[in-house]
Amino acid sequence: MTQDTYFAKALTDWRHAFHRLPETGFEEVATSQTVATILESFGLDVHRGIGGTGVVASLRVGNGSGAIGIRADMDALQINEQAPGRGHASQVAGKMHACGHDGHMSMVLGAAKLLCDSRDFNGTVRFIFQPAEEHGRGAKAMIADGLLTRFPIDAIYGIHNMPGIPAGQIATRTGGIMASEDNFVIRIRGKGTHAARPHMGIDPLVIGAEIVVALQTVVSRSVDPGESAVVSCTEFITDGIRNAIPTNVVIKGDTRSYTPEVQRLLEIRMRDICMGICAMHGAHCEFEYTHEFAPTMNWEANTEVAVRAAKAVAGDAMVEANIPPVMASEDFGVFLQHLPGNFAFIGNGTQDEPGAIPLHNACYDFNDAILPLGAQYFAQIVRESLPR
């Protein structure tokens, strides 16, 4: 077995082990223990329990003062895996790694192994394993627990696998690459009545339907066409029955955007529409709007570093330096509000390739073939950032 083959097998074995035993946000106890044990086997200085279940390992080489952070997320999703015949399928009912965080952990562990063996940089690298990315709470928890003061870093880098991009292609961009996510809850209280006597009540279902339609005008008529935004109503809940008009309706959903100005605009316009329509019909309205994920905004200088590293390990033809932004969200955006860095995508596969099944799908699986490349990419970022 060649050294490259042995390395690829080690990464795959780690990934499959993580996949079999998924744990959701802030419950990654066994996962973080496994991560820490592997890192300690490399001889690294490992700290557990950062922000709950987070892990940070440090490697210092030479006398350089610079420090680079490499981040992986650890949590799984509450999805029941549908993968008959998959040897490494989840062994935990109702939970699976449907977003590839098992692969992200394995790539960062691989980068740690490569850098421990080569030691061809001058400075400090921090390997950061973050809990609760899917909740949008893990980065804040680690920062609140002193991550950036206890383990100082000058810049941070992350990556996410992406079905729909050819396997092994690395793609990024300067500026907004992933959107913010804000959640909203609209509570409408009308007056329930018999379905045969609607004039005796105030129908919150009709009012809610009017609100859902009206909210579609926020982006088309209030947001500058040069900006990006999405408003999606995703749940419509009533306390009615077949022959009774309800008293209460709850509408839930989320919005996506890239700037604080657009976030504020969405909240103000949505609140005004909901309150106005309810007042017009004599119904009571409560409007709740919360900020869940910060936009992921890449820094220019760090994006240049990421692109150089990607080209060094994948070749020019397999690097896209100005990919269009996506409206999905990533907890990594919180880190980029505090310090410079870059977030990139690595292709998981297209069409009939392994890894082409969408994220958050019960049949999804990380493409093991890209694990060594991801590890090499992170190691090369450290070499580019902390040259000897």
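Check the entry above for the structure.
Summarised in this report is the structure supplied together with it. The structure displayed is predicted, hence computed values, not measured ones. (Residues numbered from 1 in each chain as written. Predicted model: local features only at pLDDT ≥ 70, side-chain atom pairs only at ≥ 80, totals over all residues. Heavy atoms only, no water.)

1. Details of the pairing of strand S8 (residues 180-189)
Rule in force here: Three labels apply to residues, based on accessible area from a 1.4 Å probe with only protein chains included: buried if under 20% of the type maximum, exposed if over 50%, partly exposed otherwise in between. In DSSP terms, a helix is any run of H or I states spanning at least four residues, a strand is any run of E spanning at least two, and both are numbered starting from the N terminus. Only strands joined by at least two bridges in the DSSP assignment are considered to pair.
The buried fraction of S8 is high, at seven of 10 residues. Where S8 meets strand S13 (residues 284-293), nine bridges bridge the pair, whose relative direction is antiparallel. The residue bridging Asp182 from the neighbouring strand is His291, located in S13.

2. Quick notes on the sheet that holds strand S4 (residues 123-130)
Adjacent strands of a sheet pair through backbone hydrogen bonds, lying either parallel or antiparallel. Put simply, the rule reads: Residue contacts are defined here by distance: any two heavy atoms, one from each residue, within 4.5 Å place the two residues in contact. Only C-alpha atoms enter the line fits that serve as axes; for helices the fit covers just the stretch in contact. Angles between N-to-C directions range over 0 to 180 degrees.
The mixed open sheet is built from eight strands, whose spatial order is S1-S2-S4-S3-S5-S16-S6-S15. One side of each edge strand has no neighbouring strand; the edge strands of this open sheet are strand S1 (45-50) and strand S15 (319-320). Strand direction decides the pairing type here: strand S6 (residues 170-171) and S15, joined by two bridges, are parallel. Each residue of the ladder has a partner; that of Ala171, found in S15, is Glu320. Along the sheet, helix H2 (residues 29-41) makes contact with S1, strand S2 (54-61) and S4, crossing S1 at roughly 165°.

3. Notes on the side chain of Asp73
Put simply, the test is: Any N or O atom pair separated by 3.5 Å or less is treated as a polar contact, with the protein-specific requirement of one donor-capable and one acceptor-capable atom, and with residues adjacent in sequence counted only for side-chain atom pairs.
One can find Asp73 in strand S3 (residues 67-73). Of the polar contacts made by the side chain of Asp73, one reaches the side chain of His101; its length is 3.2 Å. There is a polar contact of 2.8 Å between the side chain of Asp73 and the side chain of His104. Excluding anything up to four places from it in sequence, Asp73 contacts His101, His104, Met105, Gln130, Glu133 and Glu330.

4. A short note on unusual backbone geometry
The phi dihedral of Gln351 falls on the positive side, at around 50°, and the residue is not glycine. By secondary structure assignment, the location of Gln351 is in the loop between strand S16 (341-349) and helix H10 (371-385). Relative accessible area serves as the criterion here: at 76%, Gln351 is assigned to the exposed category. Despite not being glycine, His360 has its phi angle at roughly 65°, a positive value. Along the chain, His360 falls in the loop between S16 and H10. In this structure His360 comes out as partly exposed when scored by relative accessible area, which is 41%.

5. Some remarks on the packing of helix H3 (residues 101-118) against H10
This is how the line gets drawn: In this scheme, roughly parallel covers angles under 35 degrees and roughly antiparallel covers those over 145, while 65 to 115 is roughly perpendicular and the rest are oblique. Crossings are classed by handedness, with left-handed meaning an anticlockwise turn of the near helix from the far one by less than a right angle and right-handed meaning a clockwise turn. For this classification, the nonpolar set comprises Ala, Val, Leu, Ile, Met, Phe, Trp, Tyr, Cys and Pro, the charged set comprises Asp, Glu, Lys and Arg, and every other residue, Gly included, is treated as polar.
Two numbers describe how H3 lies on H10: the axes approach to 8 Å, and their chain directions differ by 50°. Comparing their axes, H10 and H3 come out oblique. When the axes of H3 and H10 are compared, the crossing they make is right-handed. Across from Gly103, Ser106, Met107, Val108, Gly110, Ala111, Leu114, Leu115 and Ser118 in H3, the residues of H10 making contact are Leu371, Gly374, Ala375, Gln376, Phe378, Ala379, Val382 and Arg383. Tallied by class, residues from the contact of H3 with H10 come to 10 nonpolar, six polar and one charged.

6. Structural notes on the sheet that holds S8
Spatially, the four strands line up as an open sheet ordered S10-S12-S8-S13, and their pairing is antiparallel. Unpaired on one side and paired on the other, strand S10 (229-238) and S13 mark the two borders of the sheet. Each neighbouring strand pair of the sheet contributes to a mean axis angle of 15°, computed without reference to strand direction. This element, helix H6 (residues 204-222), spans S8, S10 and strand S12 (248-257) of the sheet and lies at about 170° to S10. Packing of helix H7 (residues 260-281) onto the sheet brings it into contact with S8, S10, S12 and S13, and relative to S13 it is tilted by some 165°.

7. Focus on the pattern of salt bridges
Note on pairing: side chains with opposite charge can pair once their charged atoms come close. Under the convention used in this document: Salt bridges, as used here, are contacts in which a Lys or Arg side-chain nitrogen is within 4 Å of a carboxyl oxygen on Asp or Glu.
Applying the stated criterion across every chain, the model contains 20 salt bridges. For Asp120, the salt bridge identified is with Arg383, shortest N-O distance 2.8 Å. Within this pair, whereas Asp120 is found in the loop between H3 and S4, its partner Arg383 is found in helix H10, the two being separated by 263 residues in sequence. Relative accessible area serves as the criterion here: at 24%, Arg383 is assigned to the partly exposed category. Where Arg256 meets Asp254, a salt bridge forms, and the shortest distance between an N and an O atom there is 2.9 Å. Across the pair, exposure class does not vary: Arg256 and Asp254 are buried alike.

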